[in-house]
Amino acid sequence: MSKKKLNRGVAVVGAGMSKFGAFSDKSSRDLFVEAFQSMRKSVDKEFNPADIETIYIGNFSSDLFEAQSHTAPIMADVAGLAPRPAVRIEDACASSGVALRQGILAIASGLYDIALVGGIEKMTNLPTAEVTDTLAAAADTLFEVPAGFTFPGFYAAIASAYMHKYGMQPEHLMNVAIKNHENGALNPNAQFGVTIPDWMQGRIASAKKKGKPVPTWSDHWDYLHDARANPMIAWPLRLFDCSPITDGAVALLLVSEEIANQFTDHPIHIIGSGQASDVALHDRDDLTSIAAARLASQEAYAMAGVTADDIRVAEVHDCFTIAEIVATEDLGFFAPGDGYKAAEDQVTARDGAKPINTSGGLKSKGHPVGASGAGQAVEIFKQMRGLADERQVAGDIPLGLSHNVGGTGGTCVVHVYERRN
Amino acid sequence: MTATKSTTTKRAFTAASFDQYLNEKKLMGSHCANCDANFLPPRAICPDCYDDQLEWVELDGKAKLAAFTSIYIAPTAMINEGYGRDKPYVAGVVELDDGVKISAQILGLDAANPEEIKIGTPLQAEFIERGEGDEKRTFLAFRAK
């Protein structure tokens, strides 16, 4: 593979997000204002929003979720940034990971010095069946959707192939959910920021309070095996294998490397960016791996001049538990077939050798699809600057990574981040 | 290779043509003579040599199960067919003997006991009709043999 390089360096100097959750009284523009203000507060030194020159907004489907198209200029307007150019990027759940890449390319090209990258999604206005239908529009509506596939269904099919090839059991997937909820419980912006054992205790307390029969789960594993507490969505994926339906927004401030120290003494440099596309799931030679993720990460590593082993923390696209396992293999963290063992052995825990999804991931933090990729960059920014509070990974973090997938891997975008001081 | 090349009038390589063939109970893909490769769904351009002089080819529908799931939370279209929490259905990726793969609903398997379903199960293409009048449409499915 040819080594692609950026024409000049780009750094993240600000990163903020709204709380993720279900907010009946907030539209995506309200959430974006929260994210934008949160980003402004994160900039260490003086920052005038008027200095922003261009805007890239990741959004999957405000059209269907909110009956609102043409959302980028609206986000520019509510942040007081009209008449600056504002572009909406739609690549399904990778929308804002790709928006981040577009912001990087805009600065690296030399055209702009300061770019705002955002992500927005307001999903909870619709009933669940309509959300499922809207998300299914990110699949091939002519040849995949008529087969009855849903997004949990696609990833469940990937899981079936993975189990067949490597001998994984459905129970192994639960390790990912348990770990990500442990992390999310320490993230005040998480939608479901509660551990699964605490979730179970909450159900027990609620039953007692209401005078209903008190469940007799022996522990959280017992709870996760209970078909009423953790119903099947698409075998082998149960409710707790799936990320939730979420409202949320994110804002990132990107600047050229030359001026980064005007904003902070601790910029996070983006030293690798890779993106690739793939064919429909059924058209792939290997159903247990996402080729676009392998290619995007190889491109990002080559640009950065680093290897998978050098990465200290990573946020990966855990839209479903199986997706995190496959991602950790596609990124080269673990050999094919070893990802589920690494999750079982706590290697990916916050205090493990390769902490994955310290934010809680999409699973616990929430998955406002068009905002999720930029949201990963918020966590990496915090972890690498030592600002992740209770969930801070111990020790120095010179290199981090984010991995954002659209659809079943039709789009994948990977970024490598470096802290130099 | 069990596929046979079509000698009928050449139709455009579109999804509409594919559906029209399904209505005629034919599973049709496209074939690149340069690469001796079949494509399903049919492609208009060969992704390997970029030739656009492809031919329709009828596939015999013999296949095996490559990946699957049993879906309990169904999309609206499948809820309208009576599926859902109390009546799950199997969706899968099938690998045809002709060397192509496609997504389809899988019939003849016990969707309520997915742990008993085996990857590699032999399948045969089946054409199922749904809808009434102008809404009537033929869907591709596969049935366990």
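Residues numbered from 1 in each chain as written. Chains lettered and ligands numbered in written order. Predicted model: local features only at pLDDT ≥ 70, side-chain atom pairs only at ≥ 80, totals over all residues. Heavy atoms only, no water.

### Topic: the overall build of chain A
Assigned secondary structure in chain A consists of 14 helices and eleven strands. Its C-alpha atoms give chain A principal-axis dimensions of roughly 60 × 50 × 45 Å. Residues classed as buried in chain A amount to 62% of the 421 residues present. Look at the contacts in chain A between residues 6 or more apart in sequence, and 76% of them connect residues 24 or more apart. Roughly 14800 Å² of accessible area belongs to chain A as shown, and the carbon and sulfur atoms make up 50% of that amount. For chain A, the distance from the average site of its 36 positive side-chain charges to the average site of its 50 negative ones is 4 Å. (Helix = DSSP H or I, 4+ residues; strand = E, 2+ residues; numbered from the N terminus. Buried < 20%, exposed > 50% of the residue type's maximum accessible area, 1.4 Å probe, protein only. Contact = heavy atoms within 4.5 Å. Areas by Shrake-Rupley, 256 points an atom, 1.4 Å probe, with all protein chains shown as cover. Lys, Arg positive; Asp, Glu negative; His and termini not counted. Charge placed at Lys NZ, Arg CZ, Asp CG, Glu CD.)

### Here's the deal with the overall build of chain B
A tally of regular secondary structure across chain B gives two helices and nine strands. Sequence-ordered secondary structure for chain B, helices as α and strands as β, is β-α-β-β-β-β-α-β-β-β-β. Relative to the compact-globule value of 15 Å for 145 residues, chain B shows a C-alpha radius of gyration of 16 Å, a close match. Across its three principal directions, the C-alpha atoms of chain B cover 50 × 35 × 25 Å. Of the contacts made within chain B by residues no fewer than 6 positions apart, 54% connect residues no fewer than 24 positions apart. Element-wise, carbon and sulfur atoms account for 47% of the exposed surface of chain B, whose accessible area totals about 7000 Å². Of the charged side chains in chain B, 17 are positive and 22 negative, and the gap between their average positions amounts to 2 Å. (Rg over C-alpha atoms; globule rule 2.2 N^0.38 Å.)

### Focus: the packing of helix α7 (residues 170-184) of chain A against helix α11 (residues 321-330) of chain A
Residues and elements named next belong to chain A. The contact between α7 and α11 brings their axes to 8 Å, and the two run at 95 degrees. In terms of orientation, α7 lies roughly perpendicular with respect to α11. Every residue of α11 that contacts α7 at L173, V176, A177, K179 and N180 is listed here: T321, I322, E324 and I325. (Axes fitted to C-alpha atoms, helices over the stretch in contact; angles between N-to-C directions. Parallel < 35°, antiparallel > 145°, perpendicular 65-115°, else oblique.)

### Examining the environment of E258 of chain A
Residue and element names in this part refer to chain A. Summarising the element assignment, E258 is placed in the loop between β7 (247-256) and β8 (268-277). The spacing of E258 and V176 is 82 residues in sequence and 40 Å in space, taken between C-alpha atoms. The contacts of E258, once residues within four sequence positions are left out, are R8 and G9.

### A short note on the nonpolar core
Within the largest apolar cluster, 94 residues are counted, with the highest numbers of intra-cluster contacts made by Y155, I322, F333 and V416 of chain A together with L96 and F142 of chain B. When residues of this core are assigned to their parent elements, the largest contribution, ten residues, is made by helix α6 (residues 151-166) of chain A. Of the domains in this structure, domain 1 (4-58) and domain 2 (62-144) of chain B are the two that each give at least three residues to this core. In this structure, L96 of chain B is in contact with L27, L40, L59, G61, K62, A63, I102 and F142 of chain B, ignoring residues within four places of it in sequence. Ranked by size, the runner-up nonpolar core spans 35 residues in total, among them F20, I89, A371 and Y417 of chain A. (Core = buried A, V, L, I, M, F, W, Y, C linked by side-chain atoms within 4.5 Å. Domains from an automatic or database assignment.)

### A closer look at the domain arrangement of chain B
Residue and element names in this part refer to chain B. Taken as a whole, chain B is organised into domain 1 (4-58) and domain 2 (62-144). One C-alpha centre belongs to domain 1, the other to domain 2, and the line joining them spans 23 Å. Summed over both sides, the interface between domain 1 and domain 2 buries roughly 970 Å², with carbon and sulfur atoms accounting for 64% of that surface. Viewed at the interface, domain 2 and domain 1 are joined by two salt bridges. R137 is the partner of D19 in a salt bridge, and the nearest nitrogen-oxygen pair spans 3.7 Å. One can count three residue pairs in polar contact (both at pLDDT 80 or more) joining domain 1 with domain 2. Breaking the side of domain 1 that touches domain 2 down by element, the ones donating at least two residues are α1 (15-23) and β3 (37-39). Class assignment for the residues of the side of domain 1 that touches domain 2 results in six nonpolar, two polar and three charged. (Buried area = accessible area lost by both parts, 1.4 Å probe. Salt bridge = Lys/Arg side-chain N within 4 Å of Asp/Glu carboxyl O. Polar contact = N/O pair within 3.5 Å; in protein donor to acceptor, adjacent residues only side chain to side chain. Nonpolar A, V, L, I, M, F, W, Y, C, P; charged D, E, K, R; others polar.)

### Quick word on helix α8 (residues 196-209) of chain A
All names here are of chain A. The end-to-end C-alpha separation of α8 is 20 Å, in line with the 20 Å expected for 14 residues at 1.5 Å each. Along α8, the positions that sit buried rather than exposed are I196, M200, I204 and A207. For α8, the angular spread of buried residues about the axis comes to 90 degrees, placing them on one side. Note on α8: the residue one or two positions beyond its end, G211, has a positive phi of about 70 degrees. (Expected span 1.5 Å × (residues − 1). Arc of directions from axis to C-beta.)

### Remarks on the interface of chain B and chain A
Interfaces are often described in size by the accessible area the parts lose on coming together. Taken together, the contact between chain B and chain A spans 30 residues of the former and 28 residues of the latter. Carbon and sulfur atoms make up 64% of the area that chain B and chain A hide from each other, which totals about 2500 Å². Its largest share of buried area at the contact with chain A, chain B owes to K101, S103 and I119 of chain B, together 20% of the area lost on that side. Across the contact surface, chain B and chain A share one salt bridge.

### Overview of the pattern of salt bridges
Residues and elements named next belong to chain A. All told, the structure shown has 24 salt bridges over all chains when counted by the stated rule. R101 is the salt-bridge partner of E299, the closest N and O atoms lying 3.9 Å from each other. Linking E299 in helix α10 (residues 291-304) with R101 in helix α4 (residues 95-108), this pair joins segments that are 198 residues apart in sequence. Between K341 and D338 there is a salt bridge, with the nearest N and O atoms lying 3.4 Å from each other. By relative accessible area, K341 is classed as partly exposed at 36%. One network of salt bridges, in which partners are shared, links R8, D113 and E258.

### Side note on the pairing of strand β9 (residues 137-144) of chain B
All names here are of chain B. Along β9, six of the eight residues are buried, which leaves the element largely enclosed by surrounding structure. Taken together, the three bridges between strand β7 (residues 101-107) and β9 define a ladder with parallel strand orientation. Along β9, the bridge assignment pairs Q105 with A141. The sheet contact formed by strand β8 (residues 122-130) and β9 spans eight bridges and is antiparallel. Of the residues in β9, the one forming a bridge with A125 is F142. Hairpin connection from β8 to β9: six residues lie between these consecutive antiparallel strands, with G131 at a positive phi of about 90 degrees. (Pairing = 2+ DSSP bridges.)

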